[in-house]
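Secondary and tertiary structure notes
Chain residues, written in single-letter form:
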Amino acid sequence: MLEFYKTFEDGTRKIAEPEPGCWINAVAPTEEERNFLIEQIGILPEFVKSSLDEEESSHIDYDDDFRQVLIIFDYPSAENEDDDSIDSTYSTLPIGIVILKGYVVTISLYENWSILEMSQGRIKGMDTRLKTRFFLLLALRISQRFLICLRQIDRLSSRTETRLHQSVENDELIEMLGLEKSLVYFSTSLKSDEVTLSKIMRGKQIQLYEEDEDLLEDVMIEIHQAIEMCNIYSNTMAGTMDTFASIISNNMNIVMNKLTVITIVMAIPNIIFGFYGMNVQLPFPFVWFPSFVAILTCVIATVYFFRHNMFK
């Protein structure tokens, strides 16, 4: 899908054909659309390929001959965007921003909220003709989206932890493991984004204007805050998982202890009746005597174990 947007005096509108100073949004482009970006717009083929690679990490690339800059920036993605869903799983995906003469182009495999908000004109100060500002505004929205997703993960982990207090089941532990994995993805991507922004801050690949410096600082602050939150949540969740692992192990020991005590008590009658089942002469050859001894011994053993807290 290819869409074209341009900022006019009355706002940003969608246009039918690409014009100088417009923004081209490519989401899961077909082969024909990729050829259009390469042949008509002039984007380097390797830039298009890198932008559509799910495994591509955040970085910045520059081509001196064609005067093009490619910025790969990781953004958060959730399979279920519903805040109240306990089945949401989070990951990160790359989006490519290509800055070249006359255009700014975003290329991604999937739609994301940040691009959707920008296409709907909900970002204050967005101007497709100001390419550097456009990228910084997009990076700011992505960093803010990271913070939103991190708060959702924190809420989900709190709910799962509450359910774990009531019943330690495999489903809850698997959910906690999934959230912990999401935090690992977030931490890795945020650090890569931070490195990319640090390179941009030097102003070698992208020309930074004086009015954009404050915006870049805001983006760095949001990224640093997201990294800090991610580290805090990761440490908290790791501690929670270790605690519940200890609880599960302790519960298993308690169950095994009770089963061992019950087994010992139940084995006493078998020992006594076994003696009287032998084909030898034994004292008190009465039917009631071994039963009485077995019951009495079981009672004594049970009282002994209760006094030593073996049934707790």
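Above this text is the structure in question.
Source: prediction; values computed, not measured.

1. Considering the packing of aromatic side chains
Within the structure shown, the criterion is met by 6 aromatic pairs. Measuring from ring centre to ring centre gives 5.9 Å for Phe73 and Phe135, while their planes differ by 90°; the resulting arrangement is edge-to-face. Of this pair, Phe73 sits in strand S5 (residues 68-78) while Phe135 sits in helix H4 (residues 131-166); the two residues are 62 residues apart in sequence, bridging distant segments of the chain. Classification of Phe135 as buried rests on a relative accessible area of 2%. One aromatic cluster in this structure is built from Tyr5, Trp23 and Phe134. Here the basic side chain of Arg13 rests over the ring of Phe8, its NZ or CZ set 4.2 Å away from the ring centre.

2. Regarding the sheet that holds S5
What the 7 strands build is an open sheet, ordered S2-S1-S3-S7-S6-S5-S4; its pairing is mixed. The open sheet terminates on both sides in strands that have one partner only, identified here as strand S2 (11-15) and strand S4 (59-63). Averaged over all neighbouring strand pairs, the angle between strand axes comes to 25°, with direction disregarded. In terms of strand pairing, strand S6 (residues 90-100) meets strand S7 (residues 103-108) through 5 bridges, oriented antiparallel. When the bridges of S7 are listed, Gly96 appears paired with Ile107.

3. Here's the deal with the pairing of strand S1 (residues 2-8)
Within S1, 5 of the 7 residues are buried, which leaves the element mostly enclosed by the surrounding structure. Pairing between S1 and strand S3 (residues 22-27): 4 bridges, direction antiparallel. Looking at the pairing, Glu3 lines up with Asn25 of S3. For S1 and S2, the ladder comprises 5 bridges, and the chain directions are antiparallel. Among the inter-strand pairings, Lys6 is bridged to a residue of S2, identified as Arg13. The hairpin formed by S1 and S2 contains 2 residues between the paired strands.

Parameters and conventions
Residues numbered from 1 in each chain as written. Predicted model: local features only at pLDDT ≥ 70, side-chain atom pairs only at ≥ 80, totals over all residues. Heavy atoms only, no water. Phe/Tyr/Trp six-rings, centres within 6.5 Å; stacked < 30°, edge-to-face > 60°. Helix = DSSP H or I, 4+ residues; strand = E, 2+ residues; numbered from the N terminus. Buried < 20%, exposed > 50% of the residue type's maximum accessible area, 1.4 Å probe, protein only. Lys NZ or Arg CZ within 6 Å of the ring centre and 35° of its normal. Pairing = 2+ DSSP bridges. Axes fitted to C-alpha atoms, helices over the stretch in contact; angles between N-to-C directions.

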